[in-house]
Amino acid sequence: MPAPAPAPESPRAVANKSSKRTLLAAIKMALRIESSAVRHNTQTFNRNRYSATGALSDYDRLKDRARAIKERAIANIPELLATLEASVTQNGGHFFLAKDAAEATRYIADVCSRAGVRLVVKGKSMTSEEVGLNRVLQARGIEVAETDLAEFILQVADEQPSHIIAPAIHYSRERITALFKSRFKTDLPLDSGEELTRFAREHLRQKFLAADAGISGANLIAADSGSIVLVESEGNIRMTSLLPPLHIAIAGVEKVLPSRADFAPFLELLAASGTGQKLSSYTSIITPPLHAVPVLTNSDAAPRREFHLVLVDNGRMTMRQDPVLHEALYCIRCSACLNSCANFQTVGGHAFGGETYSGGIGGSWEAGTRSLDAARFNELCTGCSRCVSQCPVRIDVPFLNSTLRQRLNRRDAGKIAQLFSTVLADGSRDPVDAAPLQKLFFGRYDLFGKWGSLLAPLSNWLNAIPLTRSLMEKFVGLDRRRELPPFAKPTLVEAWRQPPASPALAAVEPPSTAVQPAARAVLFADIFTNYGSPSRGLATLKVFQSLGIDVVVSETCADGRAPLSQGLIAIAAEQARRTAELLRRYIKDDRDIVVIEPSVLAMFHLDYRRLLADAEGQLLFQILRDHSFDAMEYLWSFMQGVGLNPAMLFPASRHPLGTRLFYHSHCQQKTVGSALATEALLRAAGFDVATSRVECCGMAGSFGYKKEYYDLSMAVGQDLFQQVAEAEADGPRVLVATGTSCHEQLAAGLKRNVLYPTELLAALVPKPESQNRKPAASHA
């Protein structure tokens, strides 16, 4: 793996992530310098967002409306641009459509030069950052003053934004104080936020009064009227657009909507999703050009001011034609996907971002407006899916990043890797699934799990040898600091088909066939449970059978989660179809699908919609989504349905490990809405349950195993470890987690045993009179 470069002090030195080496250097820098401030600020935004969106009674309806409006707008951009040009011209303004960054900056610089502009005041605009406007104006001898407080800080520090709506989120108050004192040579104390704000305000007030031109962005633009929405928290954009005699607004073409009426759902969603406010402090809807402010003119009449609207293509129209990346154009730049992302919370946009755009959505924007190589930081999107349910326009950010990964894989795969790609194609012959060895290794866990279990215990002995670990670290980037879970012998399917060899593997006797079972289910033998954690599956069988549920175990089948995480989309699609076909047979036999591993359930509920793309596949997806359940979710629903009391059947007071638990739910379990059932059932049984509050534990499947991301993974995990410590201030608790990777992260960080919820409950199931049971069929 490439060695990281020495961590620089300047974020600009690592802004372009075209090389993996630069990405690793940026992560190192961010962890060392910026992590504390980023973590505090993003997590505050995230908590506030939960409160604000929770207060919206029609939240989902608003998201559906916003999505539909954006879909129609992007589909009709050419027509909307023509309508908008006519509206702006009729209003007395000037309209310019720039095909690229150079054309946009040249036009704006020419307008300023013709007007004799010497000083420009700017409001925050990510599009102006994208096209490099400040550098072009300064090269013409025009002074540019950033008036947004965060942008002002970055201009003083000469840094790029690290966040879409809070560009200086990586700065603590102490670092801002040190920066201002160093650059402005002031003796003022500047020890509080109020003092810092006052200092910046006094510095900028003179700029506003002396400015010859103001440049703003635009959150939304109405084609039918030429009206512009400006959303801000400080009021500086109002002054930028009102005070100088020349106002220039720059925005991407994706900001155009058909009419002013279409603004409504976005205004309700934007502030709530971004900062957690009902409405931003300053929300303006203007139809420029505006009249000059009378108090600033020398005559009684208020002359009309000059206005230019500059819309930028710069790759957007190409993105619009892309079968996947077009979805990024729906983005309203709220930052919900950034603030809900555990990796972003830990390193921010100077590591998880490019020269302009950051976070999970940023990869698509850097690829679209710059180059595919510039999107290499998309590797920090682990696919945890926490952003999916938070996005106000329902963008599937993880799938966008899987697609970028697929395209980069094809570019990065050498001849040897291409040969291995063919061998490991799993029925797919799609050339785009060529990939580097590391991606193939982690993406085909089904093969390694199968052979590892077949060869156990020899395979486990080999994996423990230092030489083996060194070679794995060198050739596939598997960090030697991570303890590898042993391959199972027997696997879940083998243990189910054979009489148990020991009481530890024994399940209770199945219900008598003379009694009609209250429920029929099949436990899906996903590859992670089957080859790595069969005890979870066996415990689930034991608990289900004790309640009279007629349950069988499926054949093991790779579901596509592992290859999808590595950008091996064609392989993932092939595995998805095989799995869906397999499970449809059980559904036809009137069995519900029960899933142990939450990331697999998320495949069934979310990702198969993408992977099973044809008409038959969409039908399969809907059937599987409607008939698949998390194991604890299914158990809790069943007990409620038949009136069983968990406190009677699984009395916590009798548990040999005690009643005090710390429960961590898997990130994707939360996204699909099945996490709360576990907590509810455990509490109903009488357990004292403390729960984690993190979005993701940081392990995220294979992510935490990779050498280049180990330090980041463990840094993310520190929040979870700290929450365990706080919950145990008055005594120890049993650790309970639902995800395989969560189990590995907790065990690595705390050096303690971790139980799956049904493993906890299985200890309370009475032993059957006979341990003997007949082998059960493994298929419907």
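Attention now moves to the packing of aromatic side chains. For the structure on display, the rule yields 17 aromatic pairs. Relative to Trp365, the ring of Tyr357 lies with its centre 5.5 Å away and its plane at 45 degrees, an arrangement referred to as tilted. No difference in accessibility class separates Tyr357 from Trp365, as the two residues are buried.

Turning our eyes to something else, we now look at the nonpolar core. Judged by nonpolar contacts, the single largest core of 173 residues is most densely connected at Leu309, Leu311, Ile361, Ile593, Phe604, Tyr608 and Phe687. Shared between two domains, this core takes at least three residues from each, and those domains are domain 1 (48–317) and domain 2 (492–762). Excluding anything up to four places from it in sequence, Tyr608 contacts Asp559, Gln575, Ala576, Thr579, Ala580, Met603, Gln618, Phe621 and Leu624. Core analysis: the second largest hydrophobic core is formed by 23 residues, Leu478, Leu720, Leu735 and Ala737 among them.

Our next topic: the sheet that holds strand β13 (residues 592–595). The four strands lie next to each other as β12-β11-β13-β14, forming an open sheet whose pairing is parallel. Strand pairing shows two members of the sheet lacking a second neighbour, β12 (550–556) and β14 (628–630), which therefore form its edges. Each strand of the sheet is rotated relative to its neighbour by a mean of 35 degrees, with strand direction disregarded. Pairing between β13 and β14: three bridges, direction parallel. If you follow Ile593 over to β14, its bridge partner there is Ser628.

Moving on: the side chain of Glu129. Checked against the element boundaries, Glu129 lands in helix α5 (residues 126–131). Take Glu129: its relative accessible area is 18%, and that puts it in the buried class. Once you skip the residues sitting within four places of it in the chain, Glu129 turns out to touch Arg12, Gln160, Pro161, Glu355, Thr356 and Arg370.

Quick look at helix α3 (residues 77–91) now. Here α3 contains 15 residues, and its C-alpha end-to-end distance of 21 Å stays within 8% of the 21 Å for a straight helix at 1.5 Å per residue. Those residues of α3 not exposed but buried are Ile77, Leu80, Leu81, Leu84, Ser87 and Val88. In a view along the axis of α3, the buried residues occupy a sector of 125 degrees, so they form one face of it. If you follow the buried residues of α3, they end up packed against α2 (59–75), β1 (94–98), β5 (220–222), β8 (256–257), β10 (306–312) and α12 (316–321). Backbone geometry just after α3 places Gly92 at a positive phi near 100 degrees.

This next bit is on the pairing of strand β15 (residues 660–664). With four of five residues buried, β15 lies mostly within the body of the structure. In this sheet, strand β16 (residues 688–691) lies alongside β15 in parallel orientation, the contact comprising four bridges. Residue Leu661 lies in a different strand from β16, and its bridge partner there is Val689. Pairing between β15 and strand β17 (residues 734–737): four bridges, direction parallel. Each bridged residue has a counterpart across the sheet, and for His664 the counterpart in β17 is Ala737.

Reading the values: the criteria
Residues numbered from 1 in each chain as written. Predicted model: local features only at pLDDT ≥ 70, side-chain atom pairs only at ≥ 80, totals over all residues. Heavy atoms only, no water. Phe/Tyr/Trp six-rings, centres within 6.5 Å; stacked < 30°, edge-to-face > 60°. Buried < 20%, exposed > 50% of the residue type's maximum accessible area, 1.4 Å probe, protein only. Core = buried A, V, L, I, M, F, W, Y, C linked by side-chain atoms within 4.5 Å. Domains from an automatic or database assignment. Contact = heavy atoms within 4.5 Å. Pairing = 2+ DSSP bridges. Helix = DSSP H or I, 4+ residues; strand = E, 2+ residues; numbered from the N terminus. Axes fitted to C-alpha atoms, helices over the stretch in contact; angles between N-to-C directions. Expected span 1.5 Å × (residues − 1). Arc of directions from axis to C-beta.

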